[in-house]
Amino acid sequence: MFDITASIVLYNTERIELKKAIDSFLNTSLNVKLYLVDNSPTDDLKDITNDPRVEYIFNNSNVGFGKANNVALRKAMGNSNYHLVFNPDIYFGENTLEKIKIFMDQNTDVGLVLPKVLYPDGKLQRLCRLLPMPTDLFLRRFIKSRTKNVDYFYEMHFADYNTTFEAPFLSGCFMFIRTAILKDIGFFDEKMFLYWEDLDLSRRIHMRHKTMYYPETCVYHAYKRGAHKNFNLMVISIRSLIYYFNKWGWLDGERKRINKRIMDCHIK
């Protein structure tokens, strides 16, 4: 039984960046296992490490982010207490995993945790979010001048990011999940090829368990925002959003109730 299993999905990933992420995860005395699930057209990354705690899986095609992570999650089920999904542009220091594991061990009602996430220069990334409305995401993507008020609520600027608090949507760049709960709520929705699958999974976990921000430890995230720079990725992102809102509802009264409950905890 592993203390923690983890998965990183690869697609033509930079070797130096990936090696930094791998070394961060393996720098622990915990019993861990890391799955590198490669969606690249070639298996050039298969020799990135020879550490026995790492298993390389070559998909021979780009099956998508969620589906690739699900390959690792199926291997982890019944074999680990916690599973970490994280990006190859993430790195962190010693004892980070230990601190998060202790928090989860002590708070058995928590299903998902996100630590404090910083840019490489040390600036805070506000990656705890309320459940978005379609208009919020449209304004953020296409009308930047109108997003100040949207960002204040969506990114939970009203919350104190130096304290532990609950948020219904935690970024997929680093999702520390209690593995057993996935038996009930399921894995990533494979109909979402790329982007927003973290929103869907985070929300499903939040329906039955606490989804918590835990700032007592931190990770660093390069955060390249590919969908804002690449037209094809933007189209993929929009398709995932349409699927998400079709699934949960465009009006979605439950979203309103969840967001109000979270805001009421912070805004008196």
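The paragraphs below set out a description of the structure included in this document. (Residues numbered from 1 in each chain as written. Predicted model: local features only at pLDDT ≥ 70, side-chain atom pairs only at ≥ 80, totals over all residues. Heavy atoms only, no water.)

## Comments concerning the nonpolar core
A general feature of soluble globular proteins is that nonpolar side chains tend to end up buried together. One finds Phe-25, Phe-86, Met-156, Phe-174 and Phe-176 to be the most contacted residues of the largest nonpolar core, which totals 67 residues. Within the second largest apolar cluster, 13 residues are counted, among which are Leu-139, Val-150, Leu-199 and Phe-245. (Core = buried A, V, L, I, M, F, W, Y, C linked by side-chain atoms within 4.5 Å. Buried < 20%, exposed > 50% of the residue type's maximum accessible area, 1.4 Å probe, protein only.)

## Concerning the environment of Lys-256
Its place among the elements puts Lys-256 in helix 9 (residues 253–264). For Lys-256, a relative accessible area of 65% gives the class exposed. Lys-256 sits 206 residues away from Asn-50 along the chain, and the two C-alpha atoms are 49 Å apart. (Helix = DSSP H or I, 4+ residues; strand = E, 2+ residues; numbered from the N terminus.)

## Some details on the packing of helix 7 (residues 197–206) against helix 8 (residues 231–248)
Any two packed helices are characterised by the angle at which their axes cross and by the distance between the axes. Interaxial distance between helix 7 and helix 8 falls to 10 Å at its minimum, and their mutual angle equals 25°. Taken together, the axes of helix 7 and helix 8 are roughly parallel relative to one another. Along its contact with helix 7, which presents Leu-199, Asp-200, Arg-203 and Arg-204, the element helix 8 presents Tyr-244, Lys-247 and Trp-248. Here the contact of helix 7 with helix 8 is composed, by residue class, of three nonpolar, no polar and four charged. (Axes fitted to C-alpha atoms, helices over the stretch in contact; angles between N-to-C directions. Parallel < 35°, antiparallel > 145°, perpendicular 65-115°, else oblique. Contact = heavy atoms within 4.5 Å. Nonpolar A, V, L, I, M, F, W, Y, C, P; charged D, E, K, R; others polar.)

## So, the packing of aromatic side chains
Taken as a whole and assessed by the stated rule, the structure comprises 18 aromatic pairs. Geometrically, the ring pair formed by Phe-92 and Phe-174 is edge-to-face, given 5.8 Å between the ring centres and 90° between the ring planes. Taken as a pair, Phe-92 in the loop between strand 5 (90–91) and helix 3 (96–106) and Phe-174 in strand 10 (residues 174–178) lie far apart in primary sequence, 82 residues in all. What makes Phe-174 buried here is its relative accessible area of 0%. Members of the aromatic cluster, connected to one another through ring pairs, are Phe-25, Phe-86, Phe-92 and Phe-174. Between Lys-20 and the ring centre of Tyr-91, over which it is positioned, the NZ or CZ distance is 3.8 Å. (Phe/Tyr/Trp six-rings, centres within 6.5 Å; stacked < 30°, edge-to-face > 60°. Lys NZ or Arg CZ within 6 Å of the ring centre and 35° of its normal.)

## Re the side chain of Asp-189
Within the secondary structure layout, Asp-189 lies in the loop between helix 6 (182–185) and helix 7. Polar side-chain contacts of Asp-189 include one of 2.7 Å to the side chain of Tyr-243. Polar contacts involving the side chain of Asp-189 include one to the side chain of Lys-247, which spans 2.8 Å. When neighbours within four sequence positions are excluded, Asp-189 is seen to be in contact with Asp-200, Arg-204, Tyr-243 and Lys-247. (Polar contact = N/O pair within 3.5 Å; in protein donor to acceptor, adjacent residues only side chain to side chain.)

Any functional reading would require information beyond the geometric quantities listed.
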